[in-house]
Amino acid sequence: MPATELEDRAARVAAALVEAPAGSPPPGVVVGYAVAGERAVVAHGSTEAAGAPMGAGLRFDAASVTKAVVTTVALATLVERRALSFDAPVRSVLPTFPGHPGTTLRHLLQHRGGLPAWQPLYLAPGAADDARAVLDTVTPEAPLDAARTYSDLGFLHLGRVVEAVAATPLDRAVHELALVPLGIPAAGFLPAGTPGTAAGCAPSSVGDRAERAMVDSGEPYLVRWHDDGFAWRSHVLRGEANDGNCWHAFGGVAGHAGLFATVDELLTAGRALALSVTGDGPLPAPVAAELVAAGPDAEQALGWRRDGRWAWHPGYTGCAVGFVPGRPVVVAVASNRLLPDGPPAPTAALWRAAVAGLEPLPALRGAS
């Protein structure tokens, strides 16, 4: 497909998402397509409600895309090197893991460990001194392997597994195990206290507004710890992880959130993984195929989600990336959907609109 046609499609989708007549559309969106040897990355709208024009080369807080692009790929690289197995018990690496005995890395990658979806760890007494110890007090809410419960906490533990097996801090470990192999060495975490982190980053949200509301209301999750004068952020976040556990408890570096990347970098990562399935990427084909194969739940692979022919993952901030395994076809979208005051556009809706804008596509015919 000619690059000009890809650009036209991306431009139409980006404009439609920003100019949606109903709801609270994001002020700005970047849509990226990569098909075979062609790619297009198009921005539309603004960085804030009345801000500068959105830039196609801005870095976005990719939020939970971190789970798939960073943590899952790092674990897969360790599996390739025979330093780990997906079926290794978590406690064989993390003796203090609070989950069910017999919980494996595969259980956590498939969100079937029974752990809670979320807890505000940063509100717990002692979190500022040892957030890992606080994490180790949060026990399962459901039986092991009984059902899929999407869990940030499970991926926090998986990040600790990467760190322990690599014997190096997580940000350095995933740089070597995931970001360099995927061809995106400039992407990564922006740890708290790093000077100049706001430069080149798109705004993501107004402080901790969303999590503060979750704590105050107890919705959608009952919380173990409550606000006792916590120093919530209220400024527009730029270069700071939106996720509270990542930022407040783990200093911007965590297994479930914290990746900052451009849309072009997400396309590059997706293409590397798509081609790995056929032996043409950085991961061996058997390992890559195992990553994207649906497990007990049709919509969930190892770390990655499945949506028809696509392997993909969303991020709460309004970012998503997906690819067709075995085909050089990748879609990525990034936005500032959390900035408007009204209910934000769902990330899944942004993603599916971007996918719909690419299809029908001859390169997809026959894909499974």
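Analysis parameters
- Residues numbered from 1 in each chain as written.
- Predicted model: local features only at pLDDT ≥ 70, side-chain atom pairs only at ≥ 80, totals over all residues.
- Heavy atoms only, no water.
- Salt bridge = Lys/Arg side-chain N within 4 Å of Asp/Glu carboxyl O.
- Helix = DSSP H or I, 4+ residues; strand = E, 2+ residues; numbered from the N terminus.
- Pairing = 2+ DSSP bridges.
- Axes fitted to C-alpha atoms, helices over the stretch in contact; angles between N-to-C directions.
- Contact = heavy atoms within 4.5 Å.
- Buried < 20%, exposed > 50% of the residue type's maximum accessible area, 1.4 Å probe, protein only.
- Polar contact = N/O pair within 3.5 Å; in protein donor to acceptor, adjacent residues only side chain to side chain.
- 1 Å grid on protein atoms, 1.4 Å probe; cavity = no way out; pocket = protein on both sides within 12 Å on 5 of 7 lines; lining within 4 Å.
- Points joined across faces, edges and corners; volume = space filled by probe spheres on them.
- Nonpolar A, V, L, I, M, F, W, Y, C, P; charged D, E, K, R; others polar.
- Parallel < 35°, antiparallel > 145°, perpendicular 65-115°, else oblique.

Visitor: So what exactly am I meant to see when it comes to the pattern of salt bridges here?
Guide: Where charged atoms of side chains with opposite charge meet at close range, the side chains can pair. Summed over all chains, the structure comprises 17 salt bridges. Arg106 is paired through a salt bridge with Glu290; the nearest N and O atoms lie 2.6 Å apart. With Arg106 in helix H3 (residues 105-109) and Glu290 in helix H10 (residues 285-292), this pair connects stretches of sequence that are 184 residues apart. What emerges from the salt-bridge pattern is a single network uniting Asp87, Arg106 and Glu290.

Visitor: I'm lost on the sheet that holds strand S7 (residues 310-315) in this one. Help?
Guide: Hydrogen bonds between backbone atoms are what pair the strands of a sheet, whose relative direction is either parallel or antiparallel. The antiparallel open sheet is built from six strands, whose spatial order is S2-S1-S9-S8-S7-S6. Edge positions in the sheet fall to strand S2 (38-45) and strand S6 (305-307), since each has one partner strand and no second. With direction set aside, neighbouring strand axes in the sheet form an average angle of 20°. Bridging between strand S1 (residues 28-35) and S2 involves eight bridges; their strand directions are antiparallel. Directly across from Ala34, in S2, lies its bridge partner Arg39. Packed onto the sheet, helix H2 (residues 65-80) meets S7 and strand S8 (319-323) and runs at close to 115° relative to S7.

Visitor: Help me out: how do you make sense of the pairing of S7 in this one?
Guide: Every other side chain in a regular strand lies on the same face of the sheet, so the side chains alternate between the two faces. Along S7, six of the six residues are buried, which leaves the element largely enclosed by surrounding structure. Of the two faces of S7, the one holding Trp310, Trp312 and Pro314 and the one holding Ala311, His313 and Gly315 are both buried throughout. The sheet contact formed by S6 and S7 spans three bridges and is antiparallel. Following the sheet pairing, Arg306 is matched in S7 by Ala311. Turn length for the S6-S7 hairpin, with the two strands adjacent in sequence and antiparallel, is two residues, and the turn residue Gly308 shows positive phi of about 65°. Sheet topology note: the S7/S8 ladder contains five bridges and is antiparallel. Note that in S8 the partner of His313 across the bridge is Val321.

Visitor: Just to check I follow, could you spell out the side chain of Ser276 for this structure?
Guide: Counting through the fold element by element, Ser276 comes out in helix H9 (residues 263-276). From its side chain, Ser276 meets the backbone oxygen of Ala272 in a polar contact 2.8 Å long. Filtering out sequence-adjacent residues up to four positions away, Ser276 remains in contact with Gly281, Pro282, Leu283, Pro284, Ala285 and Ala288.

Visitor: Explain the side chain of Ser64 to me, please; I cannot follow it from the model alone.
Guide: Within the fold, Ser64 resides in the loop between strand S3 (60-61) and H2. Within the structure, the side chain of Ser64 is placed 2.6 Å from the side chain of Lys67, a separation counted as a polar contact. Apart from the residues lying within four places of it in its own chain, the contact partners of Ser64 are Tyr150, Asp152, His256, His313, Pro314, Gly315 and Tyr316.

Visitor: What am I meant to see in the layout of surface pockets here?
Guide: Empty space among the atoms becomes apparent when a probe as large as a water molecule is rolled across them. Considered as a void within the structure, the largest pocket measures approximately 550 Å³ in volume. As for the largest pocket, its lining consists of 24 residues, of which Ser64, Tyr150, Asp152, Tyr221 and Tyr316 are closest to the centre. Of all the secondary-structure elements, those providing two or more residues to the lining of the largest pocket are helix H7 (209-217), S7 and helix H11 (347-358). Among the elements that take part in the lining of the largest pocket, H7 stands out by supplying three residues, more than any other. Considering only residue class, the lining of the largest pocket consists of 13 nonpolar, five polar and six charged. What the second largest pocket holds in volume is close to 160 Å³. For the second largest pocket, the full set of lining residues is Ser205, Val206, Gly207, Arg209, Ala210, Asn242, Tyr316, Leu338, Pro340, Asp341, Gly342 and Pro344. Taken together, the residues of the lining of the second largest pocket sort by class into six nonpolar, four polar and two charged.

Visitor: Help me understand empty space enclosed by the protein in this model?
Guide: Scanning the model with the defined rule gives three cavities of 30 Å³ or more in all. Taken together, Arg132, Leu156, Gly159, Arg160, Glu163, Leu170, Phe250, Val253, Ala254 and Gly255 make up the full set of residues lining the largest cavity. Among the residues forming the lining of the largest cavity, the class breakdown is five nonpolar, two polar and three charged.

Visitor: Sorry, what's going on with the packing of helix H5 (residues 152-166) against helix H6 (residues 170-182) here?
Guide: A pair of packed helices can be characterised by two numbers: the angle between their axes and the separation between those axes. It is the contact of H5 with H6, at a shortest axis distance of 9 Å, that shows an interaxial angle of 80°. What the angle tells us is that H5 and H6 run roughly perpendicular. Along its contact with H5, which presents Gly159, Val162, Glu163 and Ala166, the element H6 presents Leu170, Ala173, Val174 and Leu177. Across the contact of H5 with H6, the residue classes break down as six nonpolar, one polar and one charged.

Visitor: I'm lost on unusual backbone geometry in this one. Help?
Guide: Glycine aside, residues mostly have negative phi angles, and peptide bonds mostly take the trans form. Here Glu219 and Pro220 are connected by a cis peptide whose omega angle stands at 0°. The backbone of Ala36 sits at a positive phi, close to 55°, despite the residue not being glycine. Following the sequence through the fold, Ala36 ends up in the loop between S1 and S2. According to the relative accessible area criterion, Ala36 is partly exposed, its value standing at 41%. Phi at Ala167 takes a positive value of approximately 55°, unusual for a residue other than glycine. Tracing the chain through its elements places Ala167 in the loop between H5 and H6.

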